Amino acid sequence: MPPTDASAGTGPASAHPDGAGPRADTAGPRNSPFGRLTVEDDDPDSEDTLDLCLPAQFVALCAGSTVGLLSRITRWGPVTTPVGSFQLVPVRLDQDLPLVHRWMNDPVVAEFWELAGPRSRTEEHLRAQLHGDGRSVPCLGVLDGTPMSYWEIYRADLDPLARHYPADPHDTGIHLLVGDAADRGRGLGPVLLRAVADLILDRCPTCARVVSEPDLRNTPSIAAFLSAGFRYADEIDLPGKRAALMIRDRVLREVL
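Structural notes, computed from the coordinates. Keep in mind that what you see is a predicted model, and the values were worked out from it rather than measured.

### Observations concerning unusual backbone geometry
Argument step 1. Phi at Asp144 is positive, roughly 50°, even though this residue is not glycine.
Argument step 2. Following the sequence through the fold, Asp144 ends up in the loop between β3 (136–143) and β4 (146–155).
Argument step 3. Not every positive phi belongs to a glycine, and His170 is a case in point at roughly 70°.

Put into structure tokens, the structure is as follows:
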């Protein structure tokens, strides 16, 4: 299952029967791109908080633009690994949807990704990334010319995941699945995880950490991350699962 719910957000303001509700104060002109600033004043002893909605352009400027991440991945090229030549190839919806849909409906995959069902469900999941701002890129993992795995490379510091751990700027996340049963259980996972983590660190000099959050129940996945040089940093509660926070540090890549 993807680790976070991108639709999660603040709900409607709660009622205040005692009459102490949000003040109608605003900052800047009414048509400010930052929207209305609401100051909660329920507790006179608490600090005032601002519910601030920032435009996507402003977030990109502050965190480092994500535009072009998709095109950059296309330029990463293949790498040589102990199991063969491996390359990340961004998903082409018109060509790759049937394959990714079949993988998502494999019971072993569906247990954790929770995207089994009609093709439209897989299409919606992919389209949201392909038509987004580039902060998450769905890819096929191609080994010796054959697509055999699905990957999502994403900016973890700009993802809802960042609400659940102390994110650093430019932290980059990995989601993955090995598609066919014949490719599982034969040692490919650790080799390819290490290769992809090294690709990210080599191609993205501003990224100091590669992170992932496999379900705690998925012990083979956690073991693969450990074998690939990730460290078990923490356990975190995410929407729908309790996860292991796995981190591969640039400064430790020659040690682990």
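Read on for the rest.
### Quick notes on a nonpolar patch on the surface
Argument step 1. Taken together, the side chains of Val251, Leu252 and Val255 make up a nonpolar region of the molecular surface, amounting to roughly 300 Å² of accessible area.
Argument step 2. As for its position among the elements, Val251 is in the segment after β8 (241–249).

### What about the pairing of strand β5 (residues 172–178)?
Argument step 1. Where burial is concerned, most of β5 is hidden: seven out of the seven residues are buried.
Argument step 2. Residues of β5 alternate between two faces, with Thr172, Ile174, Leu176 and Val178 on one and Gly173, His175 and Leu177 on the opposite face, all of them buried.
Argument step 3. Summarising the sheet, β4 and β5 pair through seven bridges and their orientation is antiparallel. Note on β5: the bridge partner recorded for Trp151 is Leu176.
Argument step 4. Where β5 meets strand β6 (residues 209–212), two bridges bridge the pair, whose relative direction is parallel. Its bridge partner lying in β6, Thr172 is registered against Val210.

Cut-offs applied
Residues numbered from 1 in each chain as written. Predicted model: local features only at pLDDT ≥ 70, side-chain atom pairs only at ≥ 80, totals over all residues. Heavy atoms only, no water. Helix = DSSP H or I, 4+ residues; strand = E, 2+ residues; numbered from the N terminus. Patch = residues over 30% accessible without salt bridge, like charges linked within 9 Å, V, L, I, M, F, W, Y side chains within 5 Å. Areas by Shrake-Rupley, 256 points an atom, 1.4 Å probe, with all protein chains shown as cover. Salt bridge = Lys/Arg side-chain N within 4 Å of Asp/Glu carboxyl O. Buried < 20%, exposed > 50% of the residue type's maximum accessible area, 1.4 Å probe, protein only. Pairing = 2+ DSSP bridges.

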